[in-house]
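What follows is each chain in one-letter form.
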Amino acid sequence: MSTRKTVLLLVVVLFAVPAWSKVFVRWTQPVPPPAKRLGVHELAIPWTADALSLSQGAARQGYRVYAEVAIGDASSAAKAAAKVGFAGIIVNSGDSQPDQIDQALRKLRSAYPRLLFLILNPNGKQPQMRGTLIVKRNGVLEATSPTAQPWLDTNLALVRLERAFRPAQTPLYSFAWELTDSLQQQHGPDVKDYALAVAEAGAFDADLVLSLHESLETGMAQNNPGAWAVWDQVKSYLRFSPQHPERRLDPEANVGVVTDDDAASYEPINLLARHNIALRVLRPADLSPRGLEGVDVVVVFSALEKLKAETVTDFAKKGGVAVLVGSQRSLARQSDSGQSAQPVRLSEQSVSYAVGKGRMIELSEPVTDPESFAQDIRRLIDHHKIRISLWNALTTVAVLYRPTGTPRRIVELLNYAEEPLQVQVQVKGSFRSIRFESPEQGCCESLKPTVRDGFTEFVVPSLNVAGRVYLQPESAAPESSRR
Amino acid sequence: MRWSSRIAASLMLASLSAASAHAQDLAYVHKKKFVMGTVFEIVAYDVSPARASAAIEDAFQEIVRLDGIMSNYKSGSDLSRLNRTAHFHAETVPTDLYNVIEESLRYSRLSEGKFDITVGLLVNFWKAIMRGDRAPSSAEEERLRRCVGYEKIVLVPPDGVDLRSPCLQIDLGAIGKGYAVDRAVQVLRLRGISSALVDAGGSTIYGMGSPPGQSAWRVRLRDPSDRIHPEVMMLENSVSTSEQTAPSLLEKDSAGHIIDPESGLPVKTAAAVSAVAKTATASDALSTTLLLLGPKKGRELVKAMLGTAAIWISPDGQVEAASSGPQILLAAENANANDSSR
């Protein structure tokens, strides 16, 4: 590739990757309020007959307007949108194959270089703490179960998979609200539901197309004070994510998940994430010794070619634990692993054998109980290496980041119970300064660190919906000096 | 008797059809709250969704209040204080705490010690092993076993509790949520609600009144075989389910959170037990007790308690059931049932 082309590609990539987390509000009413009033600068307008006129009104109100289209309409929408000043096209991937979308978008990007094309995964979930009731209009069907941890619907697995499969784009997703009872259907989600949705995308470093309930959207369009009272509370969460001081953060990981099949791996990843096990998703093609750096356990869901299989075997030989799921059982033999011990049967489905300083575990079937699997994986991680642990936080998801090239850490916290909770956190490493900020309380409250055995513990006194913790080693420059 | 899916289906259809049309107009309100380490859910039907909503919030507040009394995670709870200070002398406790301990001791006696609220230290010990936080230690296990024994709890009416062991600790995890459900039902009734379902994390559910258009609340029970599909129609009664922690996929010996007080070890059974009783306190206590007793001894206990029923289901579809009143309906054609309740 020529230098000129390389520079051009870099410029394109830099502009294609937006700042930390962006919320696109999906707007359907004739005239949106001014962008400044809404506190959002990106509108996603569904591609309907009114879209062109609506986009012009929205642009006058200060928005960058994106047409939201199905893949089949992307070409015609792009042609029309390019003429009237749309900022871009959000292509709903639906059930299309990734290759099919990528191919279609390559052509469109080439034909309309001024339009930004983004791929939307519409299969997100409303972030929430879920119950077990299945409510129907003619009654309620309830399934009993033994007492279990609260089930959290989070989008972290989706975001991790999107980032692995579409590395050139910040993950972009949307979800449909689940409004089950009479009050919700009439009034829509409450403030904290919107707040959690916005905060979640920010914490996961993803972009979100946010649907508003009809009552809220109409209310704001008609300047209804009640609707604005709701939205003004959501705005503090909208401001919280873009305020993030670090543009480049690397998620920390104890576990590497190798997959090219999100159907088989989605729920296990979902449960690993839900149990706050720091993880990184890799496509088989991207598997390399560098990709597994810092990882203690690698879980392989996909068939690997010989060279990639050797990467996993080498990882185990150096002391790691490799878990081979389903059809990947023969991986070690295939790559001449240097298996040094007889396999030990662990359960009906699994055997383990030593490989160099580490070991391989073969699971003969797909993961049928992701909850147990996630807990098993946590137990496989050397306790002295667990990067983050939480206590009294059954409704909390935490993501640990390291600002690129620094010894600092940032913990993003989300509380799906949406009610104040005291959370105890332990992070690997020694940190002398712990500061907590939240959309509700602003920046920043100093928390008392307790450093012991190579870990730092602290207590977040009141986590409402979302919060962010800055951890600095003693020698690092204070956060405030960089802001 | 062999359970008949046809009879079960007929019963269910008959019960479902006994409904008035105008009742369909009632609004339903569904709320959930994280408390006692799980998600409580309440569904209520009422002509006024606002009234139903307010009543549910009041019921949740009652559960939060009880959590402040019965939690052994919160250092400031009355139970934590009792566990710290009541060794070898009686401490005064709130009425709710006294009542739930008194009820617990009744189940301990009925089950000859299989139900035991003093087993918490061993539960925590095995939970730590399950998490990988510590290695098994027979010496530590033996030390903790000496701390266990419901007989060492002495009630001093009307509100005193004396712990006759230096290390005895009370843990209400096997009964507290049921008690909270009963109290929440009382609050809903006081607020004028007559149709509601109160659910403590799926493990204990109380059906109050019936939903519009129905004669009872239809509840599907836990079925590890996924072949039996048992259901109960709940009407002013409660059902609870207990099951040992699922075994590890990747480890040879995995522990579990339900401990047999007799052996001090996690109980080894893959069966799920559901117990129906008149109150949530009773069903909560019974489900754990019956899991530990097993079907043979469990049947005798069920028969001795009017208004109760129970079902044991193993992952391979083996079913054992018993009843002294309520019916548990099975939908599977080929259920291998063994009902000795009549």
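Residues numbered from 1 in each chain as written. Chains lettered and ligands numbered in written order. Predicted model: local features only at pLDDT ≥ 70, side-chain atom pairs only at ≥ 80, totals over all residues. Heavy atoms only, no water.

(A) Spatial organisation of the overall build of chain A. Per the secondary structure count, chain A includes 14 helices and 28 strands. When burial is assessed residue by residue, chain A has 55% of its 483 residues classed as buried. With the model as given, the accessible surface of chain A reaches about 20,800 Å², and the carbon-plus-sulfur share is 51%. (Helix = DSSP H or I, 4+ residues; strand = E, 2+ residues; numbered from the N terminus. Buried < 20%, exposed > 50% of the residue type's maximum accessible area, 1.4 Å probe, protein only. Areas by Shrake-Rupley, 256 points an atom, 1.4 Å probe, with all protein chains shown as cover.)

(B) Quick look at the packing of helix H11 (residues 262-274) of chain A against helix H14 (residues 370-380) of chain A. All names here are of chain A. Look at H11 against H14: their axes get within 8 Å of each other, and the N-to-C directions meet at 55 degrees. Between H11 and H14, the angle falls in the class oblique. The element H11 and its partner H14 pack so that their crossing is right-handed. Every residue of H14 that contacts H11 at Glu267, Pro268, Leu271 and Leu272 is listed here: Pro370, Glu371, Phe373, Ala374 and Ile377. For the contact of H11 with H14, the residue count by class is 7 nonpolar, no polar and 2 charged. (Axes fitted to C-alpha atoms, helices over the stretch in contact; angles between N-to-C directions. Parallel < 35°, antiparallel > 145°, perpendicular 65-115°, else oblique. Left-handed = near helix turned anticlockwise from the far one by under 90°. Contact = heavy atoms within 4.5 Å. Nonpolar A, V, L, I, M, F, W, Y, C, P; charged D, E, K, R; others polar.)

(C) Looking closely at the nonpolar core. Counting 122 residues, the largest nonpolar core has Ile89, Leu210, Trp231, Val323, Phe373 and Ile377 of chain A as its most contacted members. With residues up to four places along the chain from it excluded, the contact list for Val323 of chain A reads Val297, Val298, Val299, Val300, Ile361, Phe373, Ile377 and Leu380 of chain A together with Leu250 of chain B. Of all hydrophobic cores here, the second largest spans 67 residues; its members include Leu79, Met208, Leu286 and Trp312 of chain B. (Core = buried A, V, L, I, M, F, W, Y, C linked by side-chain atoms within 4.5 Å.)

(D) Representation of the packing of helix H4 (residues 95-110) of chain B against helix H8 (residues 280-304) of chain B. Residues and elements named next belong to chain B. Where H4 contacts H8, the axes come no closer than 10 Å and their chain directions differ by 5 degrees. The angle between H4 and H8 falls in the class roughly parallel. Two secondary-structure elements touch here, H4 through Glu103, Tyr107 and Leu110 and H8 through Thr281, Ala282, Ala285, Leu286 and Leu301. Residue composition of the contact of H4 with H8, grouped by class: 6 nonpolar, 1 polar and 1 charged.

(E) Structural view of the sheet that holds strand E5 (residues 160-163) of chain B. Residue and element names in this part refer to chain B. Overall, antiparallel pairing links the 3 strands, which are arranged E3-E5-E4 in an open sheet. In the strand order of this sheet, the two ends are held by strand E3 (91-92) and strand E4 (153-156), each with one partner. Pairing of E4 with E5 involves 4 bridges; the strand directions are antiparallel. Along E5, the bridge assignment pairs Val154 with Asp162. (Pairing = 2+ DSSP bridges.)

(F) Spatial organisation of the sheet that holds strand E16 (residues 321-325) of chain A. Residue and element names in this part refer to chain A. Pairing is mixed in the open sheet, where 7 strands are placed in the order E14-E13-E15-E16-E19-E18-E17. Whereas interior strands pair on both sides, the edge strands pair on one side only; in this sheet they are strand E14 (279-282) and strand E17 (344-345). Of the pairings in the sheet, the one linking strand E15 (residues 297-300) to E16 comprises 4 bridges and is parallel in character. Among the inter-strand pairings, Val299 is bridged to a residue of E16, identified as Val323. The strands touched by H11 are strand E13 (255-258) and E14; relative to E14, the strand with the most contacts, the crossing angle is about 160 degrees.

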